[in-house]
Amino acid sequence: MGRDLCVGNGFCAKSNKKWEGFEKYINEAVLNSVIGRFFKLDARKSCFTKELRAATTTFLTMLYIITINASVIADSGGRCSAADCSPPGGADCVLKPNPGYEKCLAQLKKDLIVGTALSSFVGSVAMGLFANLPFGLAPGMGSNAYLAYNLVGFHGSGPMLYETALAVVLVEGAAFLLIAVLGLRAKLARLIPTPVRLACAGGIGLFIAFTGLQSHLGLGLVGPDSSTLLTLTGCRVTDPTTGQCVEGTMQSPTLWLGLVGLLIISYGLMKNIKGSMIYGILFVTFISWFRGTSVTYFPHTIIGDASYDYFKKVVDFHMIKSTAGAISFAHFNTSHVWVALVTLLYVDVLATTGTLYTMAEVGNFIDDKGSFEGEYAAYMVDASSTIVGSALGVSPIATFIESTAGIQEGGRTGLTAVIIGIYFLLSLFFTPLMTSVPPWAIGPGLIVVGVLMMKVVKEIDWSNMKEAMPAFITIILMPLTYSISNGIIGGIGFYVALSLYDYGVTIIKWLIKMRRTVIREENQVIAVAVPDNEV
């Protein structure tokens, strides 16, 4: 039973009998309450403290999206324009340092932080309540960059306005919802060949780990190289433009601090200490908050001082002023809009569906028929959240692959997702703290998630090249092209190509069989007709 699996495994339970008794009391109370029955805690062999640990782990690994998403979309300029520039202004003032325009961008970023947190709250809570699955939702990485740099362009230099781009996101979300309501998304998902579906877990695991190894959202162990494209970095000094190593390979203090966090998480998992990812992330984060050290997240620079001043507020709340309801269909009927609509829809159908199935595989939610409980509702929640996100001024909402971190911590029900949503809601009031978790604290968690997701790969029949090749193509393309959808498309395409021989043989056999049938019928007709002629 679920209640028997929730006591005596945590660090606190081993060191404090009183805590063990309190934990058991809380779990029993929630298990027998309306909440426990609604989320089926006993049936799924889970408990409140396990779901809480899982939600905390997932939230900490997703936390980066609050600032990263706001920063990426803010690069588009949002609703800021040349009219916001300080004198003398000019049409090109948005592309140059300008106090007035930068002030508008700062306001925009705060709006987007609130929009990101609110849309994540709505999506995650809805996933928990309606689908009863432990998946966290937030604006997806990739689609936000597509909106900012391909559609609107840097500081509005692209082919469409920010308001028009949000209208595209709204329509795409509505189309996605229609596909989900009609049940077409589940049918499309089942068309994904089994080896490709299994390989998605490994590919996404490498994708996550690769992200955790880079400097933008991780340790900074690997980075760009002019000759080999990618190389070992961890440098003390890097080129701010190219990101290439200037000097001091493997001498970055933050890299070594992050590796200590990775060891803490790994050792905790090795010893089956619950909440290991939380301990590792919090340890690195806490050390990084001290100023005057080589690993501080707040160096004595203009940006560092500003970040530290904001961090010291601890509690802060901001009301959205410009991004909510910024949708406009005034310039909707253009070729750029329709191309963007199709692109976003195809990314959602393939990437998000693949991600959902992968996490269901990792959590052992998939049944013999290839479906999982709450699947239909999960698809609709995922699509509906995108509509909510567009109304708040952010990019399409996606089910986050970081949710696997919580699944590995024992999350099995929608209670995990609801708690994740509550964390996002609370982050609206503690944004200074939430936005001060350094990337080298998040990276170790992402790497460990990648390791844990690789176990599904053993179910692939590597001795059968018809399964092995599509699976390998899927796995290798995801991290190397930095796209989940590219991996799925490549795997499916290769599977279909390898299946053409079997299809051709089947068709030829069918034609031969039909020919024999026709000849047999003709012979029977002739045999019957001969006596009639004789008469």
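Residues numbered from 1 in each chain as written. Predicted model: local features only at pLDDT ≥ 70, side-chain atom pairs only at ≥ 80, totals over all residues. Heavy atoms only, no water.

Draft legend 1. Geometry of the overall build of the chain. On a plain count of helices and strands, the chain comes out with 21 helices and six strands. Since a compact globule built from 535 residues should have a radius of gyration of about 24 Å, the 27 Å found for the chain is in line with a globular shape. When the 535 residues of the chain are sorted by exposure, 50% land in the buried category. For the chain, the share of sequence-separated contacts (at least 6 apart) that also reach a separation of at least 24 residues comes to 75%. Averaging the positions of the 37 positive and the 36 negative side-chain charges in the chain gives two centres separated by 7 Å. (Helix = DSSP H or I, 4+ residues; strand = E, 2+ residues; numbered from the N terminus. Rg over C-alpha atoms; globule rule 2.2 N^0.38 Å. Buried < 20%, exposed > 50% of the residue type's maximum accessible area, 1.4 Å probe, protein only. Contact = heavy atoms within 4.5 Å. Lys, Arg positive; Asp, Glu negative; His and termini not counted. Charge placed at Lys NZ, Arg CZ, Asp CG, Glu CD.)

Draft legend 2. Structural context of the pattern of salt bridges. By the definition in use, this model includes eight salt bridges. Linking R79 and E163 is a salt bridge whose minimum nitrogen-to-oxygen distance equals 3.3 Å. Taken together, the residues R79 in the loop between α5 (64-74) and α6 (99-131) and E163 in helix α8 (residues 162-181) connect sequence positions 84 residues apart. The class of R79 is partly exposed, set by a relative accessible area of 42%. (Salt bridge = Lys/Arg side-chain N within 4 Å of Asp/Glu carboxyl O.)

Draft legend 3. Local environment of the packing of aromatic side chains. Under the counting rule described, the total for this entry stands at 14 aromatic pairs. Counting every residue linked through ring pairs, the aromatic cluster contains W289, Y297, F298, Y308, F311 and W440. Here R291 stacks its cationic end above the ring of Y308, 4.4 Å away from the centre of that ring. (Phe/Tyr/Trp six-rings, centres within 6.5 Å; stacked < 30°, edge-to-face > 60°. Lys NZ or Arg CZ within 6 Å of the ring centre and 35° of its normal.)

Draft legend 4. Layout of the packing of helix α11 (residues 253-270) against helix α19 (residues 439-453). At a minimum axis separation of 8 Å, α11 and α19 run at an interaxial angle of 40°. By the angle between their axes, α11 is oblique relative to α19. Handedness of the crossing formed by α11 with α19: right-handed. Two secondary-structure elements touch here, α11 through T254, L257, G258, G261, L262, I265, S266 and L269 and α19 through W440, P444, G445, I447, V448 and L452. Here the contact of α11 with α19 is built from residues that sort into nine nonpolar, five polar and no charged. (Axes fitted to C-alpha atoms, helices over the stretch in contact; angles between N-to-C directions. Parallel < 35°, antiparallel > 145°, perpendicular 65-115°, else oblique. Left-handed = near helix turned anticlockwise from the far one by under 90°. Nonpolar A, V, L, I, M, F, W, Y, C, P; charged D, E, K, R; others polar.)

Draft legend 5. Expanded view of a nonpolar patch on the surface. A contiguous nonpolar patch, built from V314, V315, F317, M319, I422, L426, F429 and F430 and spanning about 690 Å² of accessible area, is present on the exposed surface. Within the secondary structure, L426 is located in helix α17 (residues 414-427). (Patch = residues over 30% accessible without salt bridge, like charges linked within 9 Å, V, L, I, M, F, W, Y side chains within 5 Å. Areas by Shrake-Rupley, 256 points an atom, 1.4 Å probe, with all protein chains shown as cover.)

Draft legend 6. Layout of the nonpolar core. The biggest cluster of nonpolar side chains holds 108 residues, and the ones touching the most others in it are L112, M127, L133, F135 and V168. Non-local contacts of M127, meaning those with residues more than four positions away in its chain, are made with N132, L133, F135, L137, A378, V381, T399 and A417. (Core = buried A, V, L, I, M, F, W, Y, C linked by side-chain atoms within 4.5 Å.)

Draft legend 7. Quick look at the confidence of the model for the chain. Confidence in the prediction for the chain averages 85 pLDDT; 93% of positions are at 70 or higher. When mean pLDDT is taken per element in the chain, α17 scores highest with 95 and helix α1 (residues 11-15) scores lowest with 50. (pLDDT = per-residue confidence, 0-100.)

Draft legend 8. Just empty space enclosed by the protein, in detail. Under the counting rule described, the total for this entry stands at one cavity of 30 Å³ or more. Volume-wise, the largest cavity comes out at about 70 Å³. If you trace the largest cavity, you find it lined by K110, I113, V114, Y310, D316, F317, H318, L428 and T431. For the lining of the largest cavity, the element with the most residues is α6, which contributes three residues. In the lining of the largest cavity, the residues fall into five nonpolar, two polar and two charged. (1 Å grid on protein atoms, 1.4 Å probe; cavity = no way out; pocket = protein on both sides within 12 Å on 5 of 7 lines; lining within 4 Å. Points joined across faces, edges and corners; volume = space filled by probe spheres on them.)

Draft legend 9. A look at the state of the cysteines. Under the definition given, this model contains three disulfides. C80 shares a disulfide with C104; S-S distance 2.0 Å. Around the S-S axis, the bridge from C80 to C104 shows a dihedral of about -95° and counts as left-handed. Note that C80 is positioned in the loop between α5 and α6 and C104 in helix α6, a separation of 24 residues in sequence. For the pair shown, C80 and C104 are each scored as buried. A sulfur-sulfur separation of 1.9 Å characterises the disulfide bridge that pairs C235 with C245. Because the sign of the S-S torsion sets the handedness, a value of about -120° for the bond joining C235 and C245 places this disulfide among the left-handed ones. Remark: C245 occurs in strand β5 (residues 245-247) and C235 occurs in the loop between β3 (229-232) and β4 (237-238); sequence separation between them is ten residues. (Disulfide = S-S within 2.5 Å.)

Draft legend 10. Helix α15 (residues 375-391), seen in detail. Between its terminal C-alpha atoms α15 stretches 25 Å, which fits the 24 Å expected from 17 residues at 1.5 Å a residue. Among the residues of α15, E375, A377, A378, Y379, V381, D382, A383, S385, T386, G389 and S390 are the ones counted as buried. (Expected span 1.5 Å × (residues − 1).)

Draft legend 11. The packing of α5 against α6, seen in detail. Look at α5 against α6: their axes get within 8 Å of each other, and the N-to-C directions meet at 135°. With respect to their mutual orientation, α5 and α6 come out oblique. Handedness of the α5/α6 crossing: right-handed. Here I65, I66, T67, N69, A70, S71, I73 and A74 of α5 lie close against α6, whose contacting residues are L105, L108, K109, L112, I113 and T116. Here the residues of the contact of α5 with α6 sort into nine nonpolar, four polar and one charged.

Draft legend 12. Geometry of the side chain of E163. When its relative accessible area of 17% is taken as the criterion, E163 is described as buried. Not counting residues within four places of it along the chain, the set of residues in contact with E163 comprises R79, A326, I327 and S328.

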